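# Fold and contact review
Each chain, letter by letter, is given below.
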Amino acid sequence: MNLQQLKYTLEVYKQGSINKAAHILFVTQPTLSIAIKELEKEIGFIIFERNSKGITPTPAGMAFINTIREVFFKLEDIKKEYI
């Protein structure tokens, strides 16, 4: 697990679409999909249910996303304090 995967996950959630998130993040859709699939494999659960209308977080995925948000809030606090 790395910060890039977490950033990708938050953007996919925010956009509600892997394609839209890929465009905003300046990566290809396959790159983004692979990164999230690898993260899901590592953490042992599916973050997003995928369908023809986009993506929706699973209940476990939503809890994970909320935790990721907290991590990024803490990182911002660290930057403000030490950089």
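Quantities reported herein were computed from a predicted structural model and do not represent experimental measurements.

Conventions we followed
Residues numbered from 1 in each chain as written. Predicted model: local features only at pLDDT ≥ 70, side-chain atom pairs only at ≥ 80, totals over all residues. Heavy atoms only, no water. Patch = residues over 30% accessible without salt bridge, like charges linked within 9 Å, V, L, I, M, F, W, Y side chains within 5 Å. Areas by Shrake-Rupley, 256 points an atom, 1.4 Å probe, with all protein chains shown as cover. Salt bridge = Lys/Arg side-chain N within 4 Å of Asp/Glu carboxyl O. Helix = DSSP H or I, 4+ residues; strand = E, 2+ residues; numbered from the N terminus. Expected span 1.5 Å × (residues − 1). Buried < 20%, exposed > 50% of the residue type's maximum accessible area, 1.4 Å probe, protein only. Arc of directions from axis to C-beta. Contact = heavy atoms within 4.5 Å.

Together, Ile 78, Tyr 82 and Ile 83 make up an exposed nonpolar region whose accessible area comes to about 420 Å². Mapping Ile 83 onto the fold places it in the segment after helix H4 (59-82).

Glancing now at helix H3 (residues 29-43). Helical geometry: 3.6 residues make up each α-helical turn, so side chains three or four residues apart lie on a common side. The terminal C-alpha atoms of H3 lie 21 Å apart, and with 15 residues this matches the ideal 21 Å at 1.5 Å per residue to within 8%. Every buried residue belonging to H3 is among Leu 32, Ser 33, Ala 35, Ile 36, Leu 39 and Glu 40, and all of these are buried. Taken around the axis of H3, the buried residues stretch over an arc of 160°, which confines them to a single face. The secondary structure elements touched by the buried residues of H3 are helix H1 (3-15), helix H2 (18-25), strand E1 (48-51) and H4. Count one or two residues on from H3 and you reach Gly 44, which has phi positive near 90°.

Time to look at unusual backbone geometry. Phi is positive for Phe 26, which is not a glycine, with a value near 60°. Structurally, Phe 26 is set in the loop between H2 and H3. Residue Phe 26 is classed as exposed on the basis of its relative accessible area, which comes to 77%.

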